Amino acid sequence: MNKHTPASESIFRTSLLEEADGPARNASDNPTMGEIIAKRFSRRDLLKGALAVSAISATVAPLALISADKARAGGTGSAFSFPEVAAGVDENHHVAEGYDADVLLRWGDPLFPDAPEFDPTAQTAESQRRQFGYNNDYVGYIPLPDAEDPAAHGLLVVNHEYTNEHLMFPGIVTIADGKPQVAPADQKRVDIEMAAHGGTVAEIRRVDGKWQLVKDSSYNRRITADTEMEVTGPAAGHERLRTGADATGTRVLGTVNNCAGGVTPWGTYIMAEENFHGYFMGELPADHPEATNYERLGVPDATYEWGKFYDRFDVSKEPNEPNRFGWIVEVDPFDPNSTPKKRTALGRTKHEGAESIVSRDGRVVFYLGDDERFDYVYKFVTAGRYNPDDRAANMDLLDEGTLYVARFDEDGSMEWLPLIHGEGPLTAENGFESQADVVIETRRAADLLGATKMDRPEDVEPNAVNGRVYVMLTNNTRRSEEDVDAANPRAKNAFGHIIEIAETDGDFAATTGKWEVLLQCGDPSIAEVGATFTTETTKDGWFGMPDNCAIDAAGRLWVSTDGNNPSATGRTDGLWAVDTEGDARATSKLFYRVPVGAELCGPVFTPDDQSLFVAVQHPGDGGDDWEPFGRPSYYEDLSTRWPDFQDDIPVRPAVVAITKQGGGKIGV
Ligand code: FEO
Ligand code: CA
Ligand code: CA
Ligand code: CA
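Residues numbered from 1 in each chain as written. Chains lettered and ligands numbered in written order. Predicted model: local features only at pLDDT ≥ 70, side-chain atom pairs only at ≥ 80, totals over all residues. Heavy atoms only, no water.

Caption draft 1: Geometry of the pattern of salt bridges. By the definition in use, this model includes 48 salt bridges. Measuring nitrogen to oxygen at the nearest pair gives 2.8 Å for the salt bridge that ties R343 to E330. Remark: E330 occurs in strand β14 (residues 328-331) and R343 occurs in strand β15 (residues 341-343); sequence separation between them is 13 residues. On the basis of relative accessibility, which here comes to 1%, the residue R343 falls in the buried class. By relative accessible area, E330 is classed as buried at 4%. A salt bridge links R407 to D409; the nearest nitrogen and oxygen atoms lie 2.9 Å apart. In this structure R407 comes out as partly exposed when scored by relative accessible area, which is 25%. (Salt bridge = Lys/Arg side-chain N within 4 Å of Asp/Glu carboxyl O. Helix = DSSP H or I, 4+ residues; strand = E, 2+ residues; numbered from the N terminus. Buried < 20%, exposed > 50% of the residue type's maximum accessible area, 1.4 Å probe, protein only.)

Caption draft 2: Up close: the nonpolar core. Core analysis: the largest hydrophobic core is formed by 47 residues, its most contacted members being L519, F543, L557, W558, F591, Y592 and I658. Sequence-distant contacts of I658, that is, excluding residues within four places in its chain, are made with V95, Y99, D100, A101, F591, Y592, Q610, S611, L612, V614 and I666. (Core = buried A, V, L, I, M, F, W, Y, C linked by side-chain atoms within 4.5 Å. Contact = heavy atoms within 4.5 Å.)

Caption draft 3: Representation of the environment of A509. Looking at the secondary structure, you find A509 in the loop between β25 (497-503) and β26 (512-520). Residues in contact with A509, not counting those within four places in the same chain, are S359, R363, V365, K379 and V381.

Caption draft 4: View of the coordination of the calcium ion (ligand 4). The protein atoms that coordinate the calcium ion (ligand 4) are E355 (OE), D459 (OD), E461 (OE) and C549 (O), at distances of 2.3 to 2.9 Å. Linear spacing of the donor residues for the calcium ion (ligand 4) on their chain is E-x103-D-x1-E-x87-C. Of the two residues, E355 sits in strand β16 (residues 355-358) while C549 sits in strand β27 (residues 546-551), which places them 194 residues apart along the sequence. Comparing E355 with C549 shows no difference in burial state: the two are buried. (Donors = N, O, S within 2.8 Å, 3.2 Å for Na, K, Ca; no water.)

What follows is the structure, encoded as structure tokens:
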């Protein structure tokens, strides 16, 4: 999701935030034509000598220069083949011709045989705890070990990042002076909100070509903001994590704002805690020792009103509770009674996700984005080695290892800087008494190490096929000309970019590497934007605001977005196929798009590339800037009622299963 803003600013959190980071099509302080030309050429183009032609008069469009260069190189040779979807905005979702996009799980769908049917007018926390949660974000697919066809029978693990009260609850929005206002929360509503957060584990199988929920599965599980969790790793039991309810500093209730995530090589489910600051209210006592720590993370933000009813979300009553959030959570989906673990060794930030890969010596490498303007890219390398023959031996690999933060240098090299207590500036002199302090204040530790401030790092994903790593940087309109650096090359970066990392010797555990900008996003027909899609990319094929990504079994990159809308790019969010190899590199093509108001999350493929799951998040959250609707969207007056399109059923976030008609691999 986009950043939360305080409740006092707007009830429409995501829309407001998208606006806050929204692009201007014609920025007033445009770069010079020379700068634009320079920026349009990636280093790869420079290496190919393309800039030799840049002395051509500025009256020649930069796009034409690239076009000529690509033409000389002999065309594109895209790795993808499918009929492109037309970009646009309407009430429905759209997938490429020849494919089916079937809704698999919607908010409120019963997950157990005894779970109540969805009734939005009579929702209770008890029902919600037995039903699919709200705002599906990360989606992972874990084959069942005894499945006849592992690509047709498995566990779907899904994060429920946050709740949109104005879309979920009837009768709470009033319009005053043309502006919508949400009524203050009562405890019943807060309890439903808490039950709609967290995650879902659901057994699914493909029957006659169509995916369906196995409702009576013993694996099905809901994790919520109340589920008991254990804290492990360097910060476990530390006094900064102790509260009135937990003197041990090791037992936490729940997880919140689980954005993207991951599936580990040993088949556990990772839930990343992202914008946890929004769940805390109240004021810290004056001169509280956590003041600096909390300020760096924006705690408290009071987006939600949970602290009115639960002391742990009020920092004036439980000042240490925020130290118990902002972690990577690991869940064993094969044991529905297992206690999820908050793995503190991976640091405490606004974690976007944690995708992993086994390095060549067997250590496991997790890539982590900290999604805030000017925050960092991290990776964690386990101390122990993955044992493919002994699952139990891998279950605590995430408790020991080294956390690194990335410094991207101007010459295209990079270094992973270790966050180790006692090394460099991470000493008692700077307030780090132990590794617990280092992980609790990961951001401050990374500041001291001189990490590179990035344009909102979201998904970071290793590619097992080509050996490289892809970093989605969603946008950062607050970057000034003075702040520009090689890895964040655009001021007022409204549309984001994608960086490609090649670790030294192709070793994912390496502490150095090389990087380049794969793609600067935005409309390539507007020169000032500085987008670098190839000219093979059509008017439908470009996008802004890359957020999540998936790499299929063939090693092809698929990018989903958060923030495309009528005013930003004249199109909804969606899933784009992005070439990374050969002359087609940086060519993009639209495969699927979401209904008005939604963002697209969680793309993931089954191991055979024949099924693709995507998460349509916050559909209907917006409509003001979509001309056919042109007003705020809320429960009683929605810009879309996707996916049911029934007058008495509100819009519902949902996971969609995409398959090829007649079978076969996707995008081939
Ligand atoms: Fe929840 Fe960074 O998106
Ligand atoms: Ca995201
Ligand atoms: Ca986002
Ligand atoms: Ca991903």
